[in-house]
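Survey of secondary and tertiary structure
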There are 2 protein chains.
Amino acid sequence: MKTAVTEMFGIEAPIFAFSHCRDVVAAVSKAGGMGVLGAAWMTPEHLEQELKWIDDHVDGKPYGVDMVFAAKAEAIDIGTNPRNVVGKQQYDFINGLMSEDGVPELPTSEVEGWYREYAENLSFTQEKSEALLDVAMKFPIKFMVSALGLAPKHIIDRMHAANIKVGALIGSAKHARKQVEAGVDVIIAQGSEAGGHVGTVSSMVLWPEVVDAIAPVPVLAAGGVGRGRQMAAAMALGAQGVWTGSVWLGTVESELNPDLREVLYDASSEDALITYGYTGKPCRSLRSKFTDAWARDDAPAPLGVPYQSILSGEPFRRAERAHRKDWMTYAARPDRRPTQGTDDREGSGLRHGVGILRYDGTP
Amino acid sequence: MKTAVTEMFGIEAPIFAFSHCRDVVAAVSKAGGMGVLGAAWMTPEHLEQELKWIDDHVDGKPYGVDMVFAAKAEAIDIGTNPRNVVGKQQYDFINGLMSEDGVPELPTSEVEGWYREYAENLSFTQEKSEALLDVAMKFPIKFMVSALGLAPKHIIDRMHAANIKVGALIGSAKHARKQVEAGVDVIIAQGSEAGGHVGTVSSMVLWPEVVDAIAPVPVLAAGGVGRGRQMAAAMALGAQGVWTGSVWLGTVESELNPDLREVLYDASSEDALITYGYTGKPCRSLRSKFTDAWARDDAPAPLGVPYQSILSGEPFRRAERAHRKDWMTYAARPDRRPTQGTDDREGSGLRHGVGILRYDGTP
């Protein structure tokens, strides 16, 4: 099918796949869509490794990167005791609950080195973002997406000079207008049902509102799209394509560890709640004892960005090490609709993933 | 167009309009859809008056009623001081804030009589519901919808014996299955973006999940449907029709007072937040000082159903009397997308209302 974005990128189907997993990115691009690698948390060395692998596996098809440009971000000094940088009250609260519930602690010696790296990766400074962008531009990327907020003007200009289209995720019509005024080429309108950071307006309401607000700039519909029927709905609502994320987490190739993949498989649509406990911003995540903890009356206020994310790292690692699925969470929206005898786990594999999304007009 | 529900009811378009306003109910039925009158808050006398008017104005076209069957509801004894029945701490909190903000109090003498009637109307006892149903069955209603929870078996049997189809609003696939097991004929799957009482799952995710869960029982899509594009999306997602509510509140005929209609017109999609302050249950409502108050750190816990609704009556009346739009709220999801020079206020009139929803395949 042809839409403004298939023409813009020379792709066959207007299906965009956001993933931290290079296999997903390459598979979707090869299948005629567009894979977009989540690069924000990576080191430049890691990003170079992943993009090289992708470039070697897409048969020349286009792909993109997703990054964060946080204008006010400062480098984080984690000092000599990395655990303290994250807020002692919050640290003691969540880790104390886990200890009470029998989740073993991690050895300090092991955590320190990892914490330092984790905190550095979460320092979304301009320097770090530009270093990542320098790496990305060694490769023939076609799409650079700003995951959060406005990218600086010189970045947008640099992309356009290199014939790279710029996209931006937004959760309101107001933010869509601001992005378009800043020169963004493609708006990704993300409804509140999406996994990850979200606004308050759902896809059914947000998508057509944004389409109207910024026409003729093309809109990709994000939030709740996991099947062809939802893609058909997105096109009916005026979108020029879809932006997907959670649906790829269930693939055997995804970045989730096996326990977390089971948590995702077992989750229902009602298990994706908005929590401030994951990152400090409203983030739709799988419900678990971790998210329940931050909803308790006696919970301390979560930290700001990026400190709450740094804080979350150790509990997540504890849960993973102990195989405690009841404490695991992830920024995802489960799309589990067992029907007609199909096995969702099988249906989530990459060999099916692109197929279930492809819109052929008969949803 | 033909779907399972147009066949079921002999209507031309699978557009269902829930409204407390008889004009809306009659206009939609006459236009080839199905108007459904919200009867739960009415007295039997009032309901009879409204249904007689509707029956006189639909040219024999089908219409329905929407009711509440609360199995555990007890009659409310409001005693001699009606203000105290609602919880002194909560009463003092919200009314104190309004006084501080310069909203005049209502005279006790005036409030008492009104409070008594209001509390009685909100007593959703079986006796009251059956008395309303007795009235409704004097008229040739074709559809009886349970707005909240399971209707008792004898009620469903009574409807079926009279060749009246039974519908039910649900917010999760689990509840949809329970309703179908109880014999309900049409499921109204209401996404979390709907105005009024909602669950946590948005339309984009909920509708196809419910369609799959209860096929071949027909599903009406509710929550976020205000335009033909959204109806087209609903059909793509497997619904057999749409259930609409908020879109009719903007009509000049609607039950909203002029100030509240202005509040609705001025609201954006981001102004429809979920509050417990309206009824004690999660209820998507227009943001105002009233909803902000219940989100304050020092707010007392809202009361249960129906006491919080009874409590809300006086603040709403105070705001209305003083023309204080900043304190007004309503259970609604604004659908304001000014575009292409059209005037939304004009577009919301009943003369346009059915037209904007009618799905002609070219959304």
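Reading guide: rules and limits
- Residues numbered from 1 in each chain as written.
- Chains lettered and ligands numbered in written order.
- Predicted model: local features only at pLDDT ≥ 70, side-chain atom pairs only at ≥ 80, totals over all residues.
- Heavy atoms only, no water.
- Helix = DSSP H or I, 4+ residues; strand = E, 2+ residues; numbered from the N terminus.
- Rg over C-alpha atoms; globule rule 2.2 N^0.38 Å.
- Buried < 20%, exposed > 50% of the residue type's maximum accessible area, 1.4 Å probe, protein only.
- Contact = heavy atoms within 4.5 Å.
- Pairing = 2+ DSSP bridges.
- Axes fitted to C-alpha atoms, helices over the stretch in contact; angles between N-to-C directions.
- Phe/Tyr/Trp six-rings, centres within 6.5 Å; stacked < 30°, edge-to-face > 60°.
- Domains from an automatic or database assignment.
- Buried area = accessible area lost by both parts, 1.4 Å probe.
- Salt bridge = Lys/Arg side-chain N within 4 Å of Asp/Glu carboxyl O.
- Polar contact = N/O pair within 3.5 Å; in protein donor to acceptor, adjacent residues only side chain to side chain.
- Nonpolar A, V, L, I, M, F, W, Y, C, P; charged D, E, K, R; others polar.
- Right-handed = clockwise from strand over helix to strand, strands pointing away.
- Expected span 1.5 Å × (residues − 1).
- Least-squares fit on C-alpha atoms with pLDDT ≥ 70 in both.
- Parallel < 35°, antiparallel > 145°, perpendicular 65-115°, else oblique.
- Left-handed = near helix turned anticlockwise from the far one by under 90°.

Attention shifts here to the overall build of chain A. The helix and strand tally for chain A stands at 16 helices and 11 strands. Taken against the 2.2 N^0.38 rule, which gives 21 Å for 363 residues, the C-alpha radius of gyration of chain A at 20 Å falls within 12% of a compact globule. When the backbone C-alpha atoms are referred to their principal axes, chain A occupies close to 55 × 50 × 40 Å. In chain A, which comprises 363 residues, the proportion classed as buried is 58%. Within chain A, contacts between residues at least 6 apart in sequence are counted, and of these 68% link residues at least 24 apart.

Pairing in this closed barrel of 8 strands is parallel, and the strands run S1-S2-S3-S4-S5-S6-S8-S9 (chain B) around the ring. Each strand of the sheet is rotated relative to its neighbour by a mean of 25 degrees, with strand direction disregarded.

Another point: the packing of aromatic side chains. Any aromatic ring pair is given by two values, namely how distant the centres are and how the planes are angled relative to each other. Under the definition given, this model contains 16 aromatic pairs over all chains. With a centroid separation of 5.7 Å and an interplanar angle of 70 degrees, the aromatic rings of phenylalanine 9 of chain B and phenylalanine 16 of chain B are classed as edge-to-face. Assessed through its relative accessible area of 9%, phenylalanine 9 of chain B is described here as buried. In textbook terms, an aromatic cluster arises when at least three aromatic residues are bridged by ring pairs, as seen for Phe93, Tyr278, Phe290, Trp294 and Phe316 of chain A.

This paragraph deals with the sheet that holds strand S4 (residues 143-146) of chain A. Residues and elements named next belong to chain A. Strand order in the closed barrel formed by 8 strands is S1-S2-S3-S4-S5-S6-S8-S9, with parallel pairing between adjacent strands. Strand-to-strand, the axes of this sheet are offset by a mean angle of 25 degrees, without reference to chain direction. In this structure, strand S1 (residues 15-19) lies alongside strand S2 (residues 34-38), joined through 4 bridges in parallel fashion. Opposite serine 19, over in S2, you have leucine 37 as the bridge partner. With respect to the sheet, helix H8 (residues 173-181) is in contact with strand S5 (165-170) and strand S6 (186-190), its orientation differing from that of S5 by roughly 160 degrees.

Residue and element names in this part refer to chain A. Once the domains are mapped, chain A shows domain 1 (4-73 + 124-251 + 338-357) and domain 2 (82-121 + 257-327). Look at where the C-alpha atoms of domain 1 and domain 2 centre, and you get two points 26 Å apart. If you look at the interface, domain 1 gives 19 residues, while domain 2 gives 14 residues. In total, about 1,300 Å² of surface goes out of reach between domain 1 and domain 2, with carbon and sulfur atoms giving 54% of it. Seen at the junction of domain 1 and domain 2, the total is 0 salt bridges. Along the contact surface separating domain 1 from domain 2 lie 8 residue pairs in polar contact (both at pLDDT 80 or more). Split into classes, the residues belonging to the side of domain 1 that touches domain 2 amount to 8 nonpolar, 8 polar and 3 charged.

Below, the discussion takes up the interface of chain B and chain A. Tallying the contact residues gives 30 residues for chain B and 30 residues for chain A. Both faces combined, the contact of chain B with chain A buries some 2,600 Å², and carbon together with sulfur accounts for 60% of it. Per-residue buried area on chain B facing chain A is highest for Met204, Asp212 and Arg229 of chain B; these three make up 23% of the total on that side. Notably, a salt bridge pairs aspartate 212 of chain A with arginine 229 of chain B, separated by 3.0 Å at the nearest N-O pair. Between chain B and chain A we count 8 residue pairs in polar contact (both at pLDDT 80 or more) in total. Where the side of chain B that touches chain A is concerned, the elements lending two or more residues are helix H9 (203-214) and helix H10 (228-236) of chain B. Counting residues per element, the side of chain B that touches chain A draws most heavily on H9 of chain B, at 8 residues. Residues belonging to the side of chain B that touches chain A are distributed by class as follows: 12 nonpolar, 9 polar and 9 charged.

All names here are of chain A. Extensive coverage of S5 is indicated by the burial of 5 of its 6 residues. Bridge analysis of S4 against S5 gives 4 bridges, and the strand direction is parallel. Pairing of phenylalanine 143 across the sheet is with lysine 165, part of S5. Traced from S4 through helix H7 (residues 153-161) to S5, the parallel crossover comes out right-handed. As paired elements, S5 and S6 share 4 bridges and run parallel to each other.

Let us now look at the pattern of salt bridges. Summed over the entire model, instances satisfying the criterion amount to 30 salt bridges over all chains. Across the pair glutamate 110 of chain A and arginine 321 of chain A runs a salt bridge, and its minimum N-O distance is 2.5 Å. Residue glutamate 110 of chain A is located in helix H5 (residues 108-121), and its partner arginine 321 of chain A is located in helix H14 (residues 307-321); the two are separated by 211 residues in the primary sequence. With a shortest N-O distance of 3.1 Å, lysine 52 of chain B and aspartate 56 of chain B are connected by a salt bridge. Taken together, the positions of lysine 52 of chain B and aspartate 56 of chain B, both in helix H3 (residues 44-57) and 4 residues apart, correspond to about one turn of that helix.

This next bit is on H5 of chain A. Residues and elements named next belong to chain A. Taking 1.5 Å of rise per residue, the 14 residues of H5 would be expected to cover 20 Å, and the 20 Å separating its terminal C-alpha atoms lies within 8% of that figure. Residues Val111, Trp114, Tyr115, Tyr118, Ala119 and Asn121 constitute the buried set of H5. Here the buried face of H5 lies against helix H4 (88-100), helix H6 (126-136) and H14.

With that settled, the discussion passes to the relation of the copies chain B and chain A. Superposing chain B onto chain A takes a rotation of 180 degrees combined with a translation of 0.0 Å along the rotation axis, leaving an RMSD of 0.0 Å. Both copies are brought into coincidence by an operation consistent with a two-fold rotation axis. Identified as the residue of chain B closest to the rotation axis by C-alpha distance is alanine 233 of chain B, at 2.0 Å. A share of 100% of the interface residues of chain B reappears at the interface of chain A, consistent with the copies meeting face to face through the same patch.

Turning next to the packing of H5 of chain A against H14 of chain A. All names here are of chain A. The N-to-C vectors of H5 and H14 enclose an angle of 135 degrees; their axes lie 10 Å apart at closest approach. Between H5 and H14, the angle falls in the class oblique. By crossing handedness, the relation of H5 to H14 is classed as right-handed. Only Ser309, Ile310, Leu311, Gly313, Glu314, Arg317 and Arg321 of H14 make contact with H5, whose side of the interface consists of Glu110, Val111, Trp114, Tyr115, Tyr118 and Ala119.

Turning our attention to H14 of chain A. Residues and elements named next belong to chain A. Look at H14: 22 Å from first C-alpha to last across 15 residues, which is about the 21 Å you get at 1.5 Å a residue. Burial runs high along H14: 11 of the 15 residues are buried. All of the buried residues in H14 are Gln308, Ser309, Ile310, Leu311, Ser312, Gly313, Glu314, Pro315, Phe316, Arg318 and Ala319. The inward-facing, buried residues of H14 abut H4, H5 and helix H13 (289-294). Histidine 323 occupies a position one or two residues after H14 and carries a positive phi of about 55 degrees.

The next subject is the packing of H4 of chain A against H14 of chain A. Residues and elements named next belong to chain A. With their axes 10 Å apart at the nearest point, H4 and H14 run at an angle of 10 degrees to one another. Comparing the axis directions of H4 and H14 gives the class roughly parallel. On H14, the residues touching Gln90, Tyr91, Ile94, Asn95, Met98 and Ser99 of H4 are Leu311, Glu314, Pro315, Arg318 and Ala319. Partitioning the contact of H4 with H14 into residue classes produces 6 nonpolar, 3 polar and 2 charged.

Turning our attention to the side chain of threonine 3 of chain B. Residue and element names in this part refer to chain B. In this structure, threonine 3 sits in the segment before helix H1 (4-9). At 2.7 Å, the side chain of threonine 3 forms a polar contact with the backbone oxygen of glutamine 240. Other than its neighbours up to four places away in sequence, threonine 3 contacts Pro14, Met235 and Gln240.

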